[in-house]
Amino acid sequence: MDPFDAGAGGILRQPKAVWATAGASVVAFMGIGLVDPILPSIAKGLDASAGQVSLLFTSYFLITALAMLVTGFVSSRIGGRKTLLLGLAFVVVFAGLAGTSDTVGQLVGYRAGWGLGNALFVSTALAVIVGAAAGGSAAAILLYESALGLGMACGPLLGALLGDASWRYPFFGTAFLMAIGFLCITVFLKEQPKPARKTSLLDPIRALGHGGLASAAVSAFFYNYTFFTVLAFTPFVLNMTPYKSGAVFFAWGVLLAVFSVLVAPRMQRRFGSLKVLGGSLVLLAADVLVLGYGNHTAAIVCTILSGAFIGVNNTVYTELALGVSDAPRPVASAGYNFVRWFAAAAAPYFAPKIEEWTDVHIPFVVAAVTALLGAVVVVVRRRALTHEAEKLKPQHASEDSVTVFAN
């Protein structure tokens, strides 16, 4: 059945609860790249350094990583609907408070609270959408993938449009949109059955005892350092107006979404997952080197182009993470993300520090090296990584990719 079919069960014929959750998901994913175009403006407005402002990413993803041990524990006890509402409430409160910040320390702290809310929400949203969808999971998964891609692409645009007037407005805008999402889910989404088995706090850690899952997580850790060097440090290198920076990262987000959803699965079927991943990591390393050493035009082009490699990597890493062990998917996902999100917290902190200690080029050299280290882990541990991953059917890729990326 074509999931785009407007008939019963098609993507356009879903219950209001599904649309309410998907709409809130778009805004939730916007929050990841929202601050990209306004990082220089925030630094200027709060009289802060690039390193201090980059902590907005560090606090956000550090809390997200730690929250991976908590989200399954919470949702398996209070249910999906209440977990969604709890996460949305956190985002509304802390995004709104972020807009009132008078110091960079306050902003970083509020961003951490925002990260906890976002982790609770996005780690639960896919399961809720699939459970409430009409006509099976295919259309629901496609809808959620679309929400993910739209949010990643539009986050920088929203940040640029509102941030051009004041760096505070994107935070207030996010709080307002999430408040609407909170009301829609309250009205349209009914409580769903709780899981039969409650998840413990230590289940994700135990899952990492599997060699294949641990290998995927370690490789993804190195890759995510590269990913978030591009996302959090490049805006300072580009040094553009919020509008221009927003346009660059919008194009980056479009490539990320297209290559993640459409291109990566086709490449995997033709060349195999590990060859695609290894090649993409090497190309990403070359891309960030040119980004760091090229002229301004080259830096813009390479920033946009990195979205294609990042999109491919996200999809393939997801299949590896959820296919190499026999742990339940939510548990494997939580363990995998617990490791890799620490790199997302580290890169925004260390990249500006490395620039202070050396020069503006070296953070990108380090990012290129970490991408290559990720490829080395894939090559060295290829047997463990292919134990079950090669058995995955193509149709599973989409479901897994949004699950792990969301988590």
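Residues numbered from 1 in each chain as written. Predicted model: local features only at pLDDT ≥ 70, side-chain atom pairs only at ≥ 80, totals over all residues. Heavy atoms only, no water.

Trainee: Looking at this structure, I do not really get the overall build of the protein chain. What am I missing?
Mentor: From N to C terminus, the protein chain includes 16 helices and zero strands. Counting only contacts in the protein chain whose residues sit at least 6 apart along the sequence, the fraction spanning at least 24 positions is 86%. Put simply, the protein chain shows about 15500 Å² of open surface, and 67% of that area lies on carbon and sulfur atoms. (Helix = DSSP H or I, 4+ residues; strand = E, 2+ residues; numbered from the N terminus. Contact = heavy atoms within 4.5 Å. Areas by Shrake-Rupley, 256 points an atom, 1.4 Å probe, with all protein chains shown as cover.)

Trainee: Could you clarify how one ought to interpret the environment of A299 in this entry?
Mentor: In this structure, A299 sits in helix 12 (residues 296-323). Since its relative accessible area comes to 4%, A299 is described here as buried. C-alpha separation for the pair A299 and L238, spaced 61 residues apart in sequence, amounts to 7.1 Å. If sequence neighbours within four positions are ignored, A299 has contacts with L238 and L291. (Buried < 20%, exposed > 50% of the residue type's maximum accessible area, 1.4 Å probe, protein only.)

Trainee: I keep staring at the confidence of the model for the protein chain and nothing clicks. Help me out?
Mentor: Reading predicted coordinates in detail is not appropriate for stretches of low pLDDT. On average, residues of the protein chain score 83 in pLDDT, and 89% of them are at 70 or above. Ranking the elements of the protein chain by mean pLDDT puts helix 16 (residues 395-406) last with 45 and helix 14 (residues 362-380) first with 97. Per-residue pLDDT stays below 50 along residues 391-407; that stretch engages in 48 contacts with residues further than four places along the chain or on separate chains. (pLDDT = per-residue confidence, 0-100.)

Trainee: Is there a simple way to explain the packing of helix 9 (residues 211-238) against helix 12 in this structure?
Mentor: Two packed helices can be described by the angle between their axes and the distance between those axes. The contact between helix 9 and helix 12 brings their axes to 10 Å, and the two run at 160°. Regarding the angle of helix 9 to helix 12, the classification is roughly antiparallel. Helix-helix and strand crossings are classified by hand; for helix 9 and helix 12 the assignment is left-handed. Contacts between helix 9 and helix 12 involve L213, A216, S219, A220, Y223, F227, V230, T234 and L238 from the first element and H296, A299, I300, T303, S306, I310, N313, N314, Y317, L320 and A321 from the second. (Axes fitted to C-alpha atoms, helices over the stretch in contact; angles between N-to-C directions. Parallel < 35°, antiparallel > 145°, perpendicular 65-115°, else oblique. Left-handed = near helix turned anticlockwise from the far one by under 90°.)

Trainee: Is there a simple way to think about the packing of aromatic side chains in this case?
Mentor: Think of a pair of aromatic rings as described by two things: how far the centres are apart, and how the planes are tilted against each other in angle. For the structure on display, the rule yields 18 aromatic pairs. Judged by centre distance (5.9 Å) and plane angle (80°), the rings of W114 and F171 are edge-to-face. With W114 in helix 5 (residues 104-132) and F171 in helix 7 (residues 169-188), the pair connects residues that are 57 residues apart, well separated along the chain. Ring geometry for F227 versus W252: centroids 6.2 Å apart, planes at 50°, classification tilted. Remark: W252 occurs in helix 10 (residues 242-271) and F227 occurs in helix 9; sequence separation between them is 25 residues. W252 gets classed as buried once you look at its relative accessible area, which sits at 1%. Across the ring face of F73, the terminal group of R77 is positioned such that the distance to the ring centre comes to 3.7 Å. Over the ring of W341 we find R340, and its NZ or CZ is 4.4 Å from the ring centre. (Phe/Tyr/Trp six-rings, centres within 6.5 Å; stacked < 30°, edge-to-face > 60°. Lys NZ or Arg CZ within 6 Å of the ring centre and 35° of its normal.)

Trainee: What should I look at first to understand the environment of A119 in this one?
Mentor: Within the secondary structure, A119 is located in helix 5. Using a relative accessible area of 3% as the deciding quantity, one classes A119 as buried. Expressed as a C-alpha distance, the spacing of A119 and I63, which sit 56 residues apart in the sequence, is 8.4 Å. Setting aside its immediate chain neighbours within four residues, A119 contacts T64, A67, M68 and T71.

Trainee: I tried to follow a nonpolar patch on the surface on my own but got confused; where do I start?
Mentor: A surface patch of nonpolar side chains, about 300 Å² in accessible area, is lined by V70, L201, L202 and I205. As for its placement among the helices and strands, L201 is situated in the loop between helix 7 and helix 8 (203-207). For L201, a relative accessible area of 40% puts it in the partly exposed group. (Patch = residues over 30% accessible without salt bridge, like charges linked within 9 Å, V, L, I, M, F, W, Y side chains within 5 Å. Salt bridge = Lys/Arg side-chain N within 4 Å of Asp/Glu carboxyl O.)

Trainee: What am I meant to see in the side chain of S306 here?
Mentor: Mapped onto the secondary structure, S306 falls in helix 12. The residues contacting S306, other than those within four sequence positions of it, are V230, W252, L284 and D287.

Trainee: I keep staring at the nonpolar core and nothing clicks. Help me out?
Mentor: Nonpolar side chains tend toward joint burial in soluble globular proteins. With 119 residues, the main nonpolar core has I42, V53, F61, F121, F171 and I185 as its most contacted residues. A per-element tally of this core places helix 9 first, with 14 residues. Apart from residues no more than four positions distant in its own chain, F171 is found in contact with V35, I38, I42, A95, G96, A98, G99, L107 and W114. (Core = buried A, V, L, I, M, F, W, Y, C linked by side-chain atoms within 4.5 Å.)

Trainee: Any chance you could explain the side chain of T229 here in plain terms?
Mentor: Among the structural elements, T229 can be located in helix 9. Of the residues examined, T229 reaches a relative accessible area of 1% and is grouped as buried. Polar side-chain contacts of T229 include one of 2.8 Å to the backbone oxygen of Y225. When residues no more than four places from it in sequence are discounted, the contact partners of T229 are T234, A347, A351, P363 and A367. (Polar contact = N/O pair within 3.5 Å; in protein donor to acceptor, adjacent residues only side chain to side chain.)

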